[in-house]
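So the chains spell out like this:
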Amino acid sequence: MMALKLRITAPTSARRQGVIFPLCISSLLLLVFLFLSSRLTPRSPDPAPLVRSASCNYSEGQWVRDTRQIRPRYDQGCKEIFKGWNCIANGKSNGQDLLRWRWQPFGCDLPLADPISFLERYRNTNIGFVGDSLNRNMYISLVCMLRRASSEVRKWRPAGADRGITFVRYNLTLAYHRTILLARYGSWSATSDGDALESLGYKQGYRIDVDVPDQKWAKAPNFHHILIFNTGHWWWAPSKFDPVQSPMLFFQNGVPVIPPLPPPQGLDLTLKHMSLYLENWAGPEKIFFFRTQSPRHFEGGDWNTGGSCRREQPLSTDQVGELFSVERNGTNVESRLVNHHLFKALEGSRFRILDVTSMSEFRADAHPSTTGGKKHEDCMHWCLPGLPDTWNDLFIATLNTLQTK
């Protein structure tokens, strides 16, 4: 055993005066005992400090194996889960293992959502998810969490929603409003009148009115108290908005924007106008979130060129850097490009950013992949139960912080 050496030195002023501080033998023995006990007694590592204030950045961290014995929030039996996303029921090899990973922010903990507390706290509240199918992923996750705690529900479609559900005992309503661009859009073709676009050689495409919200969510700000928005993927989707055969053609105040804008600048303009719409039509008590882009994980090609996502473990930091590097301009760079536009366009607006991108970039293992029921592998949507549950942890923790201010 290592010998313990203690050197007791009196303060300089005391030494100059010849003062000697007596040391009680019992005190010395106590110190030795405490020192040896701390070295010899095994103990578990100290947990990361729990920070529940606004100073905690929940979005930056790492995935760790969760060794806690916690009851699953819900299982594959939740009837709301879209069939292609039910990875456990569909037999995905790591479907159960997805539940054994926990997001650990740096320097704090992200609390797990408590369904009963959430239902109690947000009685008489309407919460809407507005966006594409990735927001539907998140909506279904929250519905399944809450249905585990309260089964008495009423299904309906409030304020033009694609689907909605009210937890009757608490009068809490969740709804999903499907819109891929947020703005109104539809097919456009040249007419014999010969407008500005036709004179530039455009024959057909999609008209996007950047200052007019999609009717599927236009009434949502009046009905809902809290809204979570997203858009992004479809702005980088040449399979639908082909730049030659079916380009995006942007209109403002009912007339085409000339010269025509490329999609990224059209997204900027749309976000600005949608933010103004909310400012004009929603009272100051309303709360708006904008969820950042959900990353895709296609490797070896894109969705229509043989791309796949068959990993069974989260990516390392280096692998994330390689897969999403803007400089390399690879298949999955979309998420970081979209976020660049979101952060810039929404700066100074009423939107609070719900940043899920960083935590999601690691999770190449959490997509339906070959079990998604598609002709190609689904490396865009997420398994349920799965990653969107953590998105909702982030949403609820952030919302609770706002409510305590």
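Presented here is a report on the structure given in the accompanying data block. What you see is a predicted model, and the numbers here were worked out from it, not measured in a lab. (Residues numbered from 1 in each chain as written. Predicted model: local features only at pLDDT ≥ 70, side-chain atom pairs only at ≥ 80, totals over all residues. Heavy atoms only, no water.)

To continue, consider the nonpolar core. One finds Leu172, Leu174, Phe289 and Phe395 to be the most contacted residues of the largest nonpolar core, which totals 60 residues. Broken down by element, the residue count for this core peaks at nine residues, all from helix α4 (residues 133-149). The residues touching Leu172, leaving out its near neighbours within four places in the chain, are Phe118, Leu119, Tyr122, Asn124, Thr125, Leu146, Ile165, Thr166 and Phe167. With 31 residues, the next largest nonpolar core counts Leu182, Tyr277, Phe288 and Leu346 among its residues. (Core = buried A, V, L, I, M, F, W, Y, C linked by side-chain atoms within 4.5 Å. Buried < 20%, exposed > 50% of the residue type's maximum accessible area, 1.4 Å probe, protein only. Helix = DSSP H or I, 4+ residues; strand = E, 2+ residues; numbered from the N terminus. Contact = heavy atoms within 4.5 Å.)

Another aspect to go through is α4. Taking 1.5 Å of rise per residue, the 17 residues of α4 would be expected to cover 24 Å, and the 25 Å separating its terminal C-alpha atoms lies within 8% of that figure. Here α4 lies mainly inside the structure; 13 of its 17 residues are buried. The backbone nitrogen of Leu134 lies 3.0 Å from a side-chain oxygen of the residue at the head of α4, namely Asp132. (Expected span 1.5 Å × (residues − 1). Polar contact = N/O pair within 3.5 Å; in protein donor to acceptor, adjacent residues only side chain to side chain.)

Summed over all chains, the structure comprises 22 aromatic pairs. Measuring from ring centre to ring centre gives 5.8 Å for Trp156 and Phe223, while their planes differ by 80°; the resulting arrangement is edge-to-face. Residue Trp156 is located in strand β4 (residues 153-156), and its partner Phe223 is located in helix α6 (residues 220-223); the two are separated by 67 residues in the primary sequence. By relative accessible area, which is 28% here, Trp156 ends up partly exposed. Each ring, one from Trp235 and one from Phe250, has its centre 6.1 Å from the other, and the planes form 5°; the classification is stacked. With a gap of 15 residues between them, Trp235 in the loop between β9 (226-229) and β10 (248-252) and Phe250 in strand β10 connect regions that are remote in the sequence. Take Trp235: its relative accessible area is 4%, and that puts it in the buried class. Through successive ring pairs, a cluster of aromatic residues spans Trp217, Phe229, Tyr277, Trp281, Phe288, Phe290 and Phe351. The ring of Phe251 carries Arg207 above its face, with NZ or CZ at 4.0 Å from the centroid. Taking the ring centre of Trp63 as reference, the NZ or CZ of Arg363 above it sits at 4.5 Å. (Phe/Tyr/Trp six-rings, centres within 6.5 Å; stacked < 30°, edge-to-face > 60°. Lys NZ or Arg CZ within 6 Å of the ring centre and 35° of its normal.)

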